[in-house]
Amino acid sequence: MTLKLEEIKNLIKEAIPDAEVIIQDLAGDENHYSATIKSKVFSGKSKIEQHKLVYKALKGKMGNELHALALNTMEI
Amino acid sequence: MDKNTSDKIKNELKLNQVCLFMKGTPDVPQCGFSLAVSNMLKHLEVDFKGINVLEDQEIREGIKEYSDWPTIPQLYIKEEFIGGCDIVKEMFEKGELQTKLEEKKISYKK
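About the thresholds
- Residues numbered from 1 in each chain as written.
- Chains lettered and ligands numbered in written order.
- Predicted model: local features only at pLDDT ≥ 70, side-chain atom pairs only at ≥ 80, totals over all residues.
- Heavy atoms only, no water.
- Helix = DSSP H or I, 4+ residues; strand = E, 2+ residues; numbered from the N terminus.
- Buried < 20%, exposed > 50% of the residue type's maximum accessible area, 1.4 Å probe, protein only.
- Lys, Arg positive; Asp, Glu negative; His and termini not counted.
- Salt bridge = Lys/Arg side-chain N within 4 Å of Asp/Glu carboxyl O.
- Polar contact = N/O pair within 3.5 Å; in protein donor to acceptor, adjacent residues only side chain to side chain.
- Contact = heavy atoms within 4.5 Å.
- Buried area = accessible area lost by both parts, 1.4 Å probe.
- Nonpolar A, V, L, I, M, F, W, Y, C, P; charged D, E, K, R; others polar.
- Axes fitted to C-alpha atoms, helices over the stretch in contact; angles between N-to-C directions.
- Parallel < 35°, antiparallel > 145°, perpendicular 65-115°, else oblique.
- Left-handed = near helix turned anticlockwise from the far one by under 90°.

Residue position: Asp 86 of chain B is located in helix H4 (residues 85-94). No salt bridge is formed by the buried Asp 86 of chain B; the nearest opposite charge belongs to Lys 89 of chain B, separated by 6.5 Å. Reaching out from Asp 86 of chain B, the side chain makes a polar contact with the backbone nitrogen of Leu 71 of chain A at a distance of 2.7 Å. Aside from chain neighbours lying at most four places away, what touches Asp 86 of chain B is His 51, Leu 69, Ala 70 and Leu 71 of chain A.

Structure below.
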């Protein structure tokens, strides 16, 4: 099972509308990505909480359709 | 998660000050992310227990529910969930992991 880069981006943007999202397909296999996400919603939150927000945006796909997504979240 | 699984997880966390739920073992990790976290702990000479989730499907799913975190590896220090690979790596690079170990009174190589 794989997930397209655009799909990941859309899911994140849907849940976190102000997010600036940069995604890279690390292996070219639609299964190993890295994402840098900047948003105001991250401010004042711990890294764990920030990553949980992103996982929530992905609606249970993380760890299932999506095997690997290295996350780098930043507040703006 | 059934009670048996949740008891097993709690028991591991209680018995092991530093606990890494991972794919594979510290000697033979079976996923790059598990390898990375395991290597950081080895580098810091932290005494930790690696729990191979590939050997126990119930723990594999249970630990995700326990921490409300969808991926493996997961690092715990004195029962506190620290994070997955990205967070632990970032903390390690910033020296925050070392600070955390210090705070939790876990010995490591300085």
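Moving on to the interface of chain A and chain B. Contacts between the two partners involve 13 residues from chain A, matched on the other side by 13 residues from chain B. A buried area of about 1,100 Å², summed over both sides, lies between chain A and chain B, and 66% of it is on carbon and sulfur atoms. Looking at the side of chain A facing chain B, the largest losses of area belong to Ile 48, Lys 52 and Tyr 55 of chain A, adding up to 42% of the total buried there. Linking chain A with chain B are one salt bridge, by the criterion used here. Counting the contacts that link chain A with chain B gives two residue pairs in polar contact (both at pLDDT 80 or more). For the side of chain A that touches chain B, the secondary structure elements donating two or more residues are helix H2 (47-57) and strand S3 (68-75) of chain A. Classifying every residue of the side of chain A that touches chain B by side-chain character gives seven nonpolar, four polar and two charged.

So, about the packing of H2 of chain A against H4 of chain B. When two helices pack together, their arrangement is given by the angle between their axes and by how far apart the axes lie. Between H2 of chain A and H4 of chain B, whose axes approach to 10 Å, the crossing angle comes to 150 degrees. With respect to H4 of chain B, the axis of H2 of chain A lies roughly antiparallel. By crossing handedness, the relation of H2 of chain A to H4 of chain B is classed as right-handed. Contacts between H2 of chain A and H4 of chain B pair Lys 47, Ile 48 and His 51 of chain A from the former with Asp 86, Ile 87 and Glu 90 of chain B from the latter. Residues of the contact of H2 of chain A with H4 of chain B, tallied by class, amount to two nonpolar, one polar and three charged.

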